[in-house]
Amino acid sequence: MRKWFSFKAVKEVIVTQLHQGLTPRKCSCAIATGLLIGVFPILGLATVSCLIVAAIFGLNQPITHAVDVVVGPLKYMLIIPYLKFGEWLFGAEPMSVSLVQLTKDFATAPLETLKLHADSFMHVVVAWAVLAPIVFILAYWISLPMIRKMIKMIERMKDKQEQQAEEITSEG
C-alpha cells in the first residue's frame, strides 16, 4: 500500500497544516468534509467535489483531499447499506440486479445503465444526503478534541526542542 493511502500520511498532513497555523475548528471541518465526500456513493466525483467544496467554503485543501483518499474505499462498503436505506425511505422494491452485474453493465453501457437504474441511483444519493448532516457533525465533534490534543503535543515537542537548543547554546 502506498504511503499516501495511510492514516499515518493523513496525520502528517494534519500536523503540517497545524504547524502552519490552521485552527482546530477549521481542521476538524476539513476532516469532516473529506470524510463526507469520501463516502459519497457515486464513483468518480470525489476529487472534483473536494476541490469545489473546499474552495467554496475556504477549507484546507490538503486535509480535505487526504481524508477523502483514505476513506474512499469505505464508499464501496456503504453502497449496499445506502441502497437499502434509500429503498426503505421511498418504500421501493429492492433492486433486482447484483452490484457486480450493475458495475459490468455500467462499464459497457453507462447511459443505458443509468437510465435503467435511475431510481436506485437516486435512492443511494438520497440516503447519503439524509445521513450526511449526522456524519458531518459526528466527524467534526469527534475530530475536534483529537486535533486539540495534537496541538498540545506539538507545542510540548516545540518547547522541548527549544529547551534543548538553549541547553546546547549555554554549554558552548
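Structure shown above.
About the thresholds
Sequence positions are assigned chain by chain, starting from 1 and proceeding in written order. In keeping with the predicted nature of the model, local features appear solely for residues at pLDDT of at least 70, side-chain atom pairs appear and are counted solely at 80 or more, and the whole-chain, interface and lining totals rest on all residues. Excluding hydrogens and water, the side-chain figures rest on all heavy atoms present in the structure. Helix numbering and strand numbering both begin at the N terminus, where a helix is a DSSP run of H or I of at least 4 residues and a strand a DSSP run of E of at least 2. In protein, a polar contact means a hydrogen-donor-capable atom and an acceptor-capable atom, both N or O and within 3.5 Å, with residues adjacent in sequence counting only if both atoms are side-chain atoms; elsewhere, any N or O pair within 3.5 Å suffices. Any two residues whose heavy atoms approach within 4.5 Å are treated as being in contact. Each residue's exposure class comes from its accessible area (1.4 Å probe, protein chains only) as a fraction of the maximum for that residue type: buried when under 20%, exposed when over 50%, partly exposed otherwise. Any two of the Phe, Tyr and Trp rings considered here, Trp counted by its six-membered ring, make a pair once their centres fall within 6.5 Å; the pair's planes then place it as stacked at under 30 degrees, edge-to-face at over 60, or tilted in between.

K.L.:
Report on the side chain of Asn60, specifying residues and quantitative values.
P.N.:
The topology assignment puts Asn60 in the loop between α3 (46–57) and α4 (61–71). Of the polar contacts made by the side chain of Asn60, one reaches the side chain of Gln17; its length is 2.8 Å. Ignoring any residue separated from it by four or fewer positions in sequence, one finds Asn60 in contact with Gln17, Leu22 and Ala30.

K.L.:
Break down α4 for me, with residues and values.
P.N.:
Among the residues making up α4, those that are buried are Ile63, Thr64, Ala66, Val67, Asp68, Val70 and Val71. Tucked inside the fold, the buried residues of α4 contact α1 (7–19), α2 (24–38), α3 and α5 (74–90). Near the N-terminus of α4, the side chain that reaches the backbone nitrogen of Ile63, with its oxygen 2.9 Å away, is that of Asn60.

K.L.:
How would you summarise the packing of aromatic side chains if you had to cite specific residues and measurements?
P.N.:
Applying the stated criterion to the full structure yields 4 aromatic pairs. Note on Phe40 and Trp128: the rings are 4.7 Å apart at their centroids and 90° apart in plane angle, and the pair reads as edge-to-face. Of this pair, Phe40 sits in the loop between α2 and α3 while Trp128 sits in helix α8 (residues 118–171); the two residues are 88 residues apart in sequence, bridging distant segments of the chain. For the pair Phe40 and Trp128, a shared accessibility class is recorded, and that class is buried. Centroid distance Phe106 to Phe121: 6.0 Å. Interplanar angle 55°. Geometry classified as tilted. Here the residue Phe106 occupies a position in helix α6 (residues 99–108), and Phe121 occupies one in helix α8, the gap between them amounting to 15 residues. Since its relative accessible area comes to 37%, Phe106 is described here as partly exposed.

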